[in-house]
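Residue-level structure breakdown
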Amino acid sequence: MPTPNDNISDLVPYQPGKPIEALARERGIPAERIIKLASNENPLGMSPKASAALQDVMGELHRYPEQFGLVRALARHTGAGEDQIVLGNGSNDVLDLVARTYLGPGNEAVSSQYAFAIYQIAAQSAGATNVVVPAKDYAHDLDALLRAVTANTKVLWLANPNNPTGTFAPYADVKRFVEQVPSRVAVVLDEAYYEYLQPSERVDTTQWLAAHPNLILVRTFSKIYGLAGLRVGYGLAAPAVVELLNRVRQPINVSVAAAAAATAALKDTAFVRRSVALNQAGRQQLRAGLEELGLTCLPAYGNFVTVAVPDAAACNEALLDRGIIVRPLAGYGMPDHLRVTIGTQAENEQFLVAIREFLR
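Right, let's walk through the structure included here. For every chain, the first residue of the written sequence is number 1, and numbering continues from 1 onward in sequence order. Local features in a predicted model are, by the rule used here, given only for residues with pLDDT of at least 70; side-chain atom pairs are given and counted only at 80 or more, and totals for whole chains, interfaces and linings are based on all residues. Neither water nor hydrogens contribute to the side-chain values; these are computed over all heavy atoms in the structure.

**Overview of helix 12 (residues 312–321)**
Since one α-helical turn is 3.6 residues long, residues separated by three or four positions face the same way. For helix 12, the full list of buried residues reads Ala 312, Cys 315, Asn 316, Ala 318, Leu 319 and Leu 320. On its buried face, helix 12 sits against helix 2 (20–27), strand 11 (324–325), strand 12 (327–328), strand 13 (337–341) and helix 13 (345–359). With its phi angle positive at about 80°, Gly 323 sits one or two positions after the end of helix 12. Note on exposure labels: buried denotes an accessible area under 20% of the residue type's maximum, exposed denotes more than 50%, and partly exposed covers the range between, all computed with a 1.4 Å probe on protein chains only. A run of DSSP states H or I qualifies as a helix once it reaches four residues; a run of E qualifies as a strand once it reaches two. Both are numbered from the N-terminal end. Any two residues having at least one pair of non-hydrogen atoms within 4.5 Å are treated as being in contact.

Given below as structure tokens:
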């Protein structure tokens, strides 16, 4: 067979959450009885406006996509210029675009311990080295990240809130951090869970772009908008950066269906409010129930709760036997933790009952 590049030979692929169909096959559990709390999906599904938009474009799927409508909608939604927006086939695609644009052999990227696995994969697939900086109490150590920047550093990855830990760095601290990063280094601020923050926690980071042309904001429609299966995300950056990213972007990387649903979802503010409210209530329900069992939860700012569990691997297996899929974090160097997506009230309660039975 052909010989792959050295950087690909030992690349560890991303492991997504276990699909419902796979668990149904493995353990003989009817799919309709399985609860998936593993992949940080919106338990409400997609917005009704997005669903209606999908139906409206079903007759247009033989056409190549016209993506400028989504770009215009995002410009109105974010306040950024149309020339500051790059589309992605999910936000992972945007992260890969950054790596392919700025990284190569001999270059370094920097990320935090317990950060999103795609950062390592994107950097390594581009032939670069991803330098991992130890976390501080499972959260970003911003000062240590700054100290890790060298003459070889081209990209710095920072998720806020962070996945899979759920921790959050106040935006005042993040702004000081961005101001101290050398302008030759691309700072990728991954805001996949931005919409789940409370108004008092949230800052309009698009206002930072004018002063920091090395800043790239990355967001997604997969989480609060419930469009994970359609794969659509976007980046916000200086026009010169977007122009470079578009050079390596696949020319039509967001489908007709995804563009239509995403454009409609931006208008469904009622659905977003409902999703935030459900998430807030579910977060309190899960944290209270887990802490009542004597378990320690990490700070939670996204749509999931990460919890330390005795014998987490065995607990995960016991949950699977009961038809409940959560995310074990051994692959992230956290073998004693599980990440639990916040579901509906009934789903959360079923998970709490199951973990209570395991601990007994």
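Still more to cover.
**A short note on the pattern of salt bridges**
Salt-bridge detection follows one rule: a side-chain nitrogen of Lys or Arg within 4 Å of a carboxyl oxygen of Asp or Glu. A full pass over the atoms with the stated rule returns 11 salt bridges. In this structure, Lys 36 engages Glu 41 in a salt bridge whose closest nitrogen and oxygen atoms are separated by 3.4 Å. Linking Glu 179 and Lys 175 is a salt bridge whose minimum nitrogen-to-oxygen distance equals 2.7 Å. Of this pair, Glu 179 and Lys 175 both sit in helix 8 (residues 171–180), four residues apart, roughly one helical turn. Counted as one network, the salt bridges with shared partners bring together Arg 27, Glu 317 and Asp 321.

**Some remarks on a positive patch on the surface**
Without a salt bridge and with relative accessible area above 30%, a residue can belong to a patch; like charges are then joined within 9 Å and nonpolar side chains (Val, Leu, Ile, Met, Phe, Trp, Tyr) within 5 Å. Under the convention used here, a 1.4 Å probe and the Shrake-Rupley method define accessible areas, while residue burial counts only the protein chains that appear. A positive count includes Lys and Arg, and a negative count includes Asp and Glu. His and the chain ends are not counted in either. To locate a charge, the coordinates of NZ of Lys, CZ of Arg, CG of Asp or CD of Glu are taken. Taken together, Lys 49, Arg 72, Arg 76 and Lys 267 make up a surface patch of like positive charges. With respect to the helices and strands, the residue Lys 49 is situated in helix 3 (residues 48–56). Residue Lys 49 is classed as partly exposed on the basis of its relative accessible area, which comes to 43%.

**What about the packing of helix 3 against helix 10 (residues 256–265)?**
Their axes nearest at 7 Å, the elements helix 3 and helix 10 cross at an angle of 145°. Between helix 3 and helix 10 lies a crossing whose hand is right-handed. Contacts between helix 3 and helix 10 involve Lys 49, Ala 50, Ala 53 and Leu 54 from the former and Ala 257, Ala 260, Ala 261, Ala 264 and Ala 265 from the latter. Angles shown run from 0 to 180 degrees and are taken between the N-to-C directions of axes, each axis being a line fitted to C-alpha atoms and, for helices, limited to the stretch in contact. Handedness of a helix crossing follows the sense of rotation of the near helix relative to the far helix, less than a right angle counterclockwise being left-handed and clockwise being right-handed.

**What about unusual backbone geometry?**
Residues Asn 160 and Pro 161 are joined by a peptide bond in cis, for which omega reads -5°. The residue after Asn 163, namely Pro 164, is reached through a cis peptide bond having omega 20°. For Pro 164, the location among the structural elements is in the loop between strand 5 (153–159) and helix 8. Of note in this structure, Asp 137 is not a glycine but carries a positive phi near 55°. When you line up the elements, Asp 137 lands in the loop between strand 4 (129–133) and helix 7 (142–147).

**Looking at empty space enclosed by the protein**
Cavities and pockets are found on a 1 Å grid laid over the protein atoms alone: a cavity is a set of points where a 1.4 Å probe fits but cannot escape, a pocket is an open set with protein on both sides within 12 Å along at least five of seven lines, and a lining residue has an atom within 4 Å of such a point. Grid points are joined across faces, edges and corners, and a volume is the space filled by probe spheres set on the points. According to the stated counting rule, one finds one cavity of 30 Å³ or more in the structure shown. Empty space within the largest cavity amounts to approximately 40 Å³. If you go around the largest cavity, the residues you meet are Asn 42, Pro 43, Tyr 196, Ser 275, Leu 278, Asn 279, Ile 342 and Gly 343.

**What to know about the packing of aromatic side chains**
Whether two aromatic rings pair depends on their centres lying within 6.5 Å, for rings of Phe, Tyr and Trp, where Trp uses its six-membered ring; planes under 30 degrees apart make the pair stacked, over 60 edge-to-face, and the rest tilted. Considering all chains together, one arrives at 10 aromatic pairs under this definition. Summarising the aromatic geometry, the rings of Phe 168 and Tyr 171 are spaced 5.6 Å apart at their centres and angled 75° between planes, so their arrangement reads as edge-to-face. Side by side, Phe 168 and Tyr 171 carry an identical accessibility label, which is buried. With 5.1 Å between their ring centres and 35° between their planes, Phe 168 and Tyr 301 make a pair best called tilted. Taken together, the residues span a long stretch of sequence, with Phe 168 in the loop between strand 5 and helix 8 and Tyr 301 in the loop between strand 9 (296–297) and strand 10 (304–308) at a distance of 133 residues. Looking at Tyr 301, the relative accessible area reads 24%, which means it is partly exposed. A connected cluster of aromatic rings, assembled from ring pairs, spans Tyr 14, Phe 116, Tyr 119 and Trp 157.

**Considerations on the sheet that holds strand 9**
What makes two strands pair is DSSP finding at least two bridges between them. The antiparallel open sheet is built from four strands, whose spatial order is 9-10-13-12. Pairing within the sheet leaves two strands with one partner each, and these edge strands are strand 9 and strand 12. Two elements, strand 12 and strand 13, share two bridges in a ladder whose sense is antiparallel. Paired with Arg 327 across the strands is Arg 339, a residue of strand 13. Together, strand 9, strand 10 and strand 13 form the strand contacts of helix 11 (residues 269–292), whose direction differs from that of strand 10 by roughly 10°.

**Observations regarding the sheet that holds strand 3 (residues 108–112)**
Spatial strand order, 2-8-7-6-5-3-4: seven strands in an open sheet with mixed pairing. In the strand order of this sheet, the two ends are held by strand 2 (85–88) and strand 4, each with one partner. Pairs of neighbouring strands in the sheet enclose a mean axial angle of 20°, with direction left out of account. Bridge count between strand 6 (residues 186–190) and strand 7 (residues 215–220): four bridges; the pairing is parallel. Bridge pairing in strand 7 places Asp 190 opposite Val 218. Against the sheet, helix 5 (residues 91–102) makes contact with strand 2, strand 5, strand 6, strand 7 and strand 8 (233–236), and its axis sits at roughly 155° relative to strand 7, the strand it touches most.

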